[in-house]
Amino acid sequence: MDNTESRTVPLRRNWRFQTLWIGSTTSFLGMEAADVGYPLVILVISGSPAHASLFGFVQLSALIMLGLPAGRIIDRRDRRRVLLLVEGVRFLAVASAAITLAMQELTLAHLLIVAAILGGGGALSGPARMLIVREIVPPEQLTAALTQEEVRNNLATLLGAPLGGFLFGVRQFLPFALSAVTFAVSWIAVLIVRVPAKGAAEESAPSGWLDGVRMLFRDPVLRAATLVVAALNTVGAPLMLITIVVLRDQQIPPWQTGLALSGLAVGGLLGAPLVRPLHRLRPGIVLLGVLLSQVPVFALLAVPLGPWWVFALLLWAMLGLPALGVLIDVLIFRQVPDDRRGSVIAATTTIAGIGAPVGTAAAGLLLQFLAPSIALLLVAVVLALAGAYLASNPGLRQARWPEQR
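Residues numbered from 1 in each chain as written. Predicted model: local features only at pLDDT ≥ 70, side-chain atom pairs only at ≥ 80, totals over all residues. Heavy atoms only, no water.

A. Local environment of the packing of helix 10 (residues 220-236) against helix 18 (residues 321-335). Between helix 10 and helix 18, the shortest axis-to-axis distance is 10 Å and the interhelical angle comes to 145°. Between helix 10 and helix 18 lies a crossing of left-handed hand. Across the interface between the two elements, V221, L222, A225, T226, V228, V229 and L232 from helix 10 touch L321, L324, L327, I328, L331 and I332 from helix 18. Looking at the contact of helix 10 with helix 18, its residues break down into twelve nonpolar, one polar and no charged. (Axes fitted to C-alpha atoms, helices over the stretch in contact; angles between N-to-C directions. Helix = DSSP H or I, 4+ residues; strand = E, 2+ residues; numbered from the N terminus. Left-handed = near helix turned anticlockwise from the far one by under 90°. Contact = heavy atoms within 4.5 Å. Nonpolar A, V, L, I, M, F, W, Y, C, P; charged D, E, K, R; others polar.)

B. How the structure looks around helix 5 (residues 79-102). Helix length check: helix 5 (24 residues) gives 34 Å between terminal C-alpha atoms against 34 Å at 1.5 Å per residue, within 8%. For helix 5, the capping residue at the N-terminal end is D78, with a side-chain oxygen 3.0 Å from the backbone nitrogen of R80. (Expected span 1.5 Å × (residues − 1). Polar contact = N/O pair within 3.5 Å; in protein donor to acceptor, adjacent residues only side chain to side chain.)

C. Structural context of a nonpolar patch on the surface. On the surface, L365, F369, L370, I374, L377, L378 and V382 cluster together into a nonpolar patch covering about 670 Å² of accessible area. Looking at the nonpolar patch, the elements that each hand over two or more residues are helix 19 (338-369) and helix 20 (372-391). Here L365 lies in helix 19. Given the relative accessible area of 55%, L365 is considered exposed. (Patch = residues over 30% accessible without salt bridge, like charges linked within 9 Å, V, L, I, M, F, W, Y side chains within 5 Å. Areas by Shrake-Rupley, 256 points an atom, 1.4 Å probe, with all protein chains shown as cover. Salt bridge = Lys/Arg side-chain N within 4 Å of Asp/Glu carboxyl O. Buried < 20%, exposed > 50% of the residue type's maximum accessible area, 1.4 Å probe, protein only.)

D. Representation of the confidence of the model for the chain. Counting all residues, the mean pLDDT for the chain is 81, and 89% of those residues have values of 70 or more. pLDDT under 50 marks residues 1-7. Its contacts with residues more than four places away, or in other chains, come to 17 contacts. In this model, residues 199-206 is a region of pLDDT below 50 whose contacts with residues beyond four sequence positions or in other chains number 16 contacts. (pLDDT = per-residue confidence, 0-100.)

E. Just unusual backbone geometry, in detail. Not every positive phi belongs to a glycine, and Q104 is a case in point at roughly 60°. Mapping Q104 onto the fold places it in the loop between helix 5 and helix 6 (108-136). The exposure class assigned to Q104 is exposed, which follows from its relative accessible area of 74%.

Printed below as a string of structure tokens:
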């Protein structure tokens, strides 16, 4: 079935997209389950919380450092082959951790190598998978397909963490074994799905790693969207930590804290059906609305009304984020030539991702020297100022959606 044929059937019957989606959903679920196990097993091995934080640091660092080079690779190589290679390597890395842990021979150095492989693989797999979706889904169904991708992410977040914690309690190696199996399922799904081959580099392809950044910043709406996501990552990455501290100060039991944090995933799932109606608005209005919707979340988290209050606020915080994520993807697919999309996607992911470690470090300092309520109000003020700056730009407010291509 080629791209022309896929125009004649609804998205739910596009077997290539649905096969790829099932594979990626499975691997995302396995990754979320394993992400719970990595710090726990490091605590068992070393007994050091500082060592436990190293896994996430190495993984995120590899993702950011390889982001721009990965985009260039994806633009110059067959995307399906790249994804097959990445999923295969990630399967081997996680399987090695599961096997050595089962044999009680797993070391911290081994786990940090796995972290680097997972982070570097993520820099390649995300853009490659997005571009394969664009190859197998017609333009008029692209928003629906990208919305389904957002549903995948939130389903994995909602189900993966409790599943990983349960499996770790049964046998410590089980979350990693599950993750390895899910990478294998994803590899098989990519193997089954045939897409037009991506040839070797063309003369019009990017000549340097920074070309994606340059193209990204030339478009005012895409630039603003990326910076908004970076800002939201800066305040959102430590949101879980801040929430845990707030609820701890209210003497809320850990199990109720876990339920409160599930509001993030539930909000993301409920926000997916809002993507299409929100995209009837101008893109600048969507950007402004999503950013300003976060202001009351941080301000009201300072009000000590218990876990269900926090659950509702976190749910509200996530409602507009699927529309924002799909907005960026649609802008890239409609405005950027195919031989540069990988570089622009990688640039967007890298710039947006830089905010996460910055925000985490800043939150740690704020919580060290300020009461959580003061820290939350300070974040709300910063977001309000950013929203006011966006609102003052008439060109952004009046920007139109580009035509489908």
